[in-house]
Amino acid sequence: MANANQTLPAFLLLGFSDLKALQGPLFWVVLLVYLVTLLGNFLIILLTQVSPVLHSPMYFFLCHLSMVEVLYTTDIVPRTLADLASPHPRAISFWGCAAQMYNFIVLGISECCLLTAMAYDRYVAICRPLHYSTLMSQQACAAMVGISWLLGIITATTHSSLIFTLPFPSRPTIPHFLCDILPVLRLASAGKHRSEISVMTATVVFIMVPFSLIVTSYARILGAILAMASTQSRHKVFSTCSSHLLVVSLFFGTASITYIRPREGSSVTTDRILSLFYTIITPMLNPIIYTLRNKEVTRALWHVVKR
């Protein structure tokens, strides 16, 4: 991935070193959020495995989404905690940075695709119930999950290859707490145009296209709900979708603001706050949303607790 005669540079992650007064409190906040994230997502994984009520396609996807969230945060948070505990910025090796970005992209793209698959599941369940067992068979669900991971791997391999073959300064400094795509790309001294085109193409494909498919699915669902005569039926159907809608809004909202907004007017502080939200806060909120707003998950949880 790099010239054999060239010494591979180590990247200096500035993290939050410019906010020394906040590093201590931020360390404990991030640690607490990380522990809650692990607990919540492992709980979802456990419930979907042991509770017969949750053996359905929707919760099959939810289980894989929780696995992604655990891996996603573990790729970033331990390193961030170590940096927050250090009084000075710490370096990350060339290959360490490449590995973190690769995992970050694989898991981020996989999450986009899984959320889209979950929206499709709701569409089929509500708008095409007679074909549900065929369209959402065990084989079809496994194929959707497999495709989600495959698309993530293909995108990560392409991006990493393009970015980490670019020439970098001898002492590159990243004004961020992780090796995110745009901060690393901006450090390259030449040949950025090809990689920028790749990044923007992937952004459109894996943010806008899945989001458009989700919006289309819920537009059809909304039409089906409005056609129902009973108010109670409308409320029951909508309640099955509300958790997923909220999670989609959190994920795609922050991702769109981060990667699609214009560079003009953006600041390092804003970038770091947005990244904190979608890499650390959102993975914590997802299991909370599904536990508190989903009656089936809540009932399964109480049943396990009673047992």
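The shown structure was predicted, so the numbers you read here are calculated from the model rather than taken from an experiment. (Residues numbered from 1 in each chain as written. Predicted model: local features only at pLDDT ≥ 70, side-chain atom pairs only at ≥ 80, totals over all residues. Heavy atoms only, no water.)

Visitor: What am I meant to see in the overall build of the protein chain here?
Guide: Regarding its fold elements, the protein chain presents 10 helices and three strands. Counted from the first residue to the last, the protein chain has its helices and strands arranged as β-α-α-β-α-α-α-β-α-α-α-α-α. Over its C-alpha trace the protein chain gives a radius of gyration of 21 Å, about what one expects of a compact globule, namely 19 Å for 307 residues. Each of the three principal axes of the protein chain carries a C-alpha extent, and together these read 65 × 40 × 35 Å. Counting all 307 residues of the protein chain, 49% fall into the buried class. Within the protein chain, contacts between residues at least 6 apart in sequence are counted, and of these 79% link residues at least 24 apart. Total accessible area on the protein chain is roughly 14,900 Å²; 69% of this is exposed by carbon and sulfur atoms. One finds the centroid of the 20 positive side-chain charges in the protein chain at a distance of 7 Å from the centroid of its 11 negative side-chain charges. (Helix = DSSP H or I, 4+ residues; strand = E, 2+ residues; numbered from the N terminus. Rg over C-alpha atoms; globule rule 2.2 N^0.38 Å. Buried < 20%, exposed > 50% of the residue type's maximum accessible area, 1.4 Å probe, protein only. Contact = heavy atoms within 4.5 Å. Areas by Shrake-Rupley, 256 points an atom, 1.4 Å probe, with all protein chains shown as cover. Lys, Arg positive; Asp, Glu negative; His and termini not counted. Charge placed at Lys NZ, Arg CZ, Asp CG, Glu CD.)

Visitor: Quick question: what am I supposed to make of the side chain of Ser17 here?
Guide: Structurally, Ser17 can be placed in the loop between strand E1 (11-13) and helix H1 (20-50). A distance of 2.8 Å separates the side chain of Ser17 from the backbone oxygen of Leu14, its partner in a polar contact. The contacts of Ser17, once residues within four sequence positions are left out, are Gln23 and Pro89. (Polar contact = N/O pair within 3.5 Å; in protein donor to acceptor, adjacent residues only side chain to side chain.)

Visitor: Mind showing me how you'd approach the state of the cysteines here?
Guide: Working definition of a disulfide: a covalent bond connecting the sulfur atoms of two cysteines. One pass over the full model with this rule turns up one disulfide. Across a sulfur-sulfur distance of 2.2 Å, Cys97 and Cys179 are joined as a disulfide pair. Residues Cys97 and Cys179 are joined by a disulfide whose S-S torsion is about -125°; by sign, that bridge is left-handed. Here the residue Cys97 occupies a position in helix H3 (residues 94-127), and Cys179 occupies one in the loop between strand E3 (173-174) and helix H6 (181-185), the gap between them amounting to 82 residues. Across this residue pair, the class does not change: Cys97 and Cys179 are buried. (Disulfide = S-S within 2.5 Å.)

Visitor: How should the pattern of salt bridges be read in this particular structure?
Guide: Two side chains of opposite charge can pair, provided their charged atoms sit close to one another. This model, assessed by the stated rule, comprises three salt bridges. A salt bridge links Asp83 to Arg79; the shortest N-O distance between them is 3.2 Å. In this pair, Asp83 and Arg79 are both assigned in helix H2 (residues 57-85), four residues apart and thus about one turn of the helix distant. One exposure class covers both Asp83 and Arg79, and it is buried. A salt bridge links Asp121 to Arg122, with the shortest nitrogen-to-oxygen separation between them at 2.8 Å. On the accessibility criterion, Asp121 (0% relative accessible area) is buried. (Salt bridge = Lys/Arg side-chain N within 4 Å of Asp/Glu carboxyl O.)

Visitor: Please clarify how the environment of Tyr72 should be interpreted in this entry.
Guide: For Tyr72, the position within the fold is in helix H2. Placed 211 residues apart in sequence, Tyr72 and Pro283 show a C-alpha to C-alpha distance of 8.3 Å.

Visitor: Any chance you could explain a nonpolar patch on the surface here in plain terms?
Guide: Where nonpolar side chains cluster on the molecular surface, the patch consists of Val204, Val205, Met208, Val209, Phe211, Leu213, Val215 and Ile260 and spans about 610 Å² of accessible area. Here the element with the most residues in the nonpolar patch is helix H7 (residues 192-226); it accounts for seven residues. Examined against the element boundaries, Met208 turns out to sit in helix H7. (Patch = residues over 30% accessible without salt bridge, like charges linked within 9 Å, V, L, I, M, F, W, Y side chains within 5 Å.)

Visitor: Before we go on, may I ask you to explain empty space enclosed by the protein in this structure?
Guide: Regions of empty space are outlined by a rolling probe, equal in size to a water molecule, passed over the atoms. Inspection of every chain in the model, using the stated rule, returns three cavities of 30 Å³ or more. Reported here for the largest cavity is a volume of approximately 290 Å³. What lines the largest cavity is a set of 18 residues, and nearest its centre among them are Gly108, Ile109, Ile181, Ile207 and Tyr259. Elements with a minimum of two residues in the lining of the largest cavity: H3, helix H5 (138-163), H7 and helix H8 (231-260). Its boundaries defined by the atoms lining it, the second largest cavity holds a volume of some 60 Å³. What lines the second largest cavity is Leu13, Leu14, Gly15, Phe16, Ser17, Gln23, Asp83, Leu84, Ser86, His88, Pro89 and Arg90. In terms of residue class, the lining of the second largest cavity is built from five nonpolar, five polar and two charged. (1 Å grid on protein atoms, 1.4 Å probe; cavity = no way out; pocket = protein on both sides within 12 Å on 5 of 7 lines; lining within 4 Å. Points joined across faces, edges and corners; volume = space filled by probe spheres on them. Nonpolar A, V, L, I, M, F, W, Y, C, P; charged D, E, K, R; others polar.)

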